[in-house]
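Observations on chain architecture
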Amino acid sequence: MHIVHSISDLRAVLGPLGRPAFVPTMGNLHDGHIALMRRAVQLGEVPVASIFVNRLQFLPHEDFDSYPRTWEADCERLAAAGCQVLFAPREHDLYPEPQTFKVQPDPLLADLLEGQFRPGFFTGVCTVVMKLFCAVFAGKAQGVAVFGQKDYQQLMVVRRMVQQFALPIDIVAAPTERAADGLALSSRNGYLSPAERAQAVQLSQALRALGEAARAAGEALPARLADLEHAARAQLDASGWQTDYLAVRSRRTLQAPQPGDALVVLGAARLGTTRLIDNLEV
Ligand code: PAF
């Protein structure tokens, strides 16, 4: 596996090689990331990963400084999964000067759910993803990038960005990897105490129960939506969580569903000091 830090070195390595299949990450890799990498190995000629903890997508009070950095273990896992090129820019490689040009996502998609509770998050994500795409895919007629469904809204925002900017990149979704008890794998699970870890499955259970209630409501769902979401949230909060949202949305728009829409249930909640997100298509 080639490891490169600067954009110019990355381009020099990738230049003579074929179509990249790219997995962007912030490191601290778990089995979910490795599943994305394996998917990339199946899809492209040159499996590429990046590790970069992107300051732009963290709010000032969030965990940018304490975000776990596990460089050596990450390199070993990527190499074993078939990654051919690892792009690990330092801060000055991606942001040699303050990043004053930003990619502003569609507010109808980005200012709700995660965007409501983490204002500016998707601007930070889109800006770095666009920059990573420019670094990895420059000069390539076609490429593919793999994103996890665990970050459902991020996947939709990136897809829309690629579509609107007509980037020659296929965005492939990979299913959420879960622990045996159903907890979605996440780098932030490592923040949980043993007691919190045992309790953490309640978030996916709450999503499943809300999804079943939404399906059972059938045509009455639009009228009953607020009550169902409120009850689901009250139950999770009563178990000791601080819920940001538990929401039933249209898979197509992430807006409140209209009759006949395919549904996704999304949630974000804090257990102690750890904020977890998850979703289920129902
Ligand atoms: O999902 C992530 O890990 C990040 O948001 C991403 C896509 C690597 C951008 O920093």
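Structure report, in brief. Fair warning: this is a prediction, and the values are worked out from it, not measured in the lab.

**Notes on the overall build of the protein chain**
Helix and strand content of the protein chain: 11 helices and nine strands. The C-alpha atoms of the protein chain give 19 Å as radius of gyration, which agrees with the globular expectation for 282 residues (19 Å, within 12%). When its C-alpha atoms are laid out on the principal axes, the protein chain stretches across 55 × 40 × 35 Å. Taken over 282 residues, the protein chain has a buried fraction of 52%. Of the contacts formed within the protein chain by residues at least 6 apart in sequence, a portion of 73% connects residues at least 24 apart. Carbon and sulfur atoms make up 52% of the accessible area of the protein chain, which totals about 13100 Å².

**With respect to the sheet that holds strand β5 (residues 143–148)**
Read from one edge to the other, the open sheet built from six strands follows the order β1-β4-β3-β2-β5-β6, with strand pairing classed as parallel. Because the sheet does not close on itself, it has two edges, and the strands there are β1 (2–4) and β6 (169–174). Across this sheet, the average inter-strand angle for adjacent strands is 25°, counted without regard to direction. In this structure, strand β2 (residues 20–25) lies alongside strand β3 (residues 46–51), joined through six bridges in parallel fashion. Within the sheet, the bridge partner assigned to Phe-22 lies in β3 and is Val-48.

**Some points on the site of the ligand**
Lining the immediate environment of the ligand, one finds Pro-24, Thr-25, Met-26, Asn-54, Gln-57, Val-128, Phe-147, Asp-151 and Gln-154. Here an oxygen atom of the ligand sits 2.7 Å away from a polar atom, N or O, in the side chain of Gln-57. In this structure, Gln-154 approaches the ligand through a side-chain N or O atom, which is 2.7 Å from an oxygen atom. Here the ligand loses 89% of its free accessible area of 290 Å² to cover by the protein chains.

**Structural notes on the nonpolar core**
In terms of nonpolar packing, the biggest core is built from 46 residues, with Phe-133, Ile-171 and Leu-254 touching the most fellow members. Per-element accounting of this core gives the leading share, 12 residues, to helix α7 (residues 121–137). Residues in contact with Leu-254, not counting those within four places in the same chain, are Leu-109, Leu-112, Leu-113, Tyr-152, Gln-153, Met-156, Arg-249, Val-264 and Leu-266. Grouped together as the second largest cluster of nonpolar side chains are 23 residues, Leu-207, Leu-225, Val-248 and Leu-280 included.

Conventions adopted
The residue numbers shown here count from 1 along each chain, following its written sequence. Local features in this predicted model are restricted to residues whose pLDDT is 70 or higher, and side-chain atom pairs enter the listing and the counts only when it is 80 or higher, whereas totals over whole chains, interfaces and linings include all residues. Hydrogen atoms and water are omitted, and side-chain values are computed over all heavy atoms in the structure. Numbering goes from the N terminus for both helices and strands, where a helix is a DSSP run of H or I of at least four residues and a strand is a run of E of at least two. For this measure, only C-alpha atoms enter the radius of gyration; the expected value for a globule follows 2.2 Å times N^0.38, where N is the number of residues. Any residue under 20% of the maximum accessible area for its type is buried, any over 50% is exposed, and the rest in between are partly exposed; the area is computed with a 1.4 Å probe on protein chains only. The contact criterion used throughout is that any non-hydrogen atoms of two residues lie within 4.5 Å. Working definition of accessibility: Shrake-Rupley area with a 1.4 Å probe, residue cover restricted to the visible protein chains. Only strands joined by at least two bridges in the DSSP assignment are considered to pair. Axis geometry follows a simple rule: fit a line to the C-alpha atoms, using only the stretch in contact for helices, then measure angles between N-to-C directions, giving values from 0 to 180 degrees. The cutoff for a nearby residue is simple: one of its non-hydrogen atoms must lie within 4 Å of the molecule or strand. Within 3.5 Å is the distance limit for a polar contact, defined as a pair of N or O atoms, with the added protein rule that one can donate a hydrogen and the other accept it, and that residues adjacent in sequence qualify only through two side-chain atoms. For the purposes of this section, nonpolar cores are sets of buried Ala, Val, Leu, Ile, Met, Phe, Trp, Tyr and Cys residues that join through side-chain atoms within 4.5 Å.

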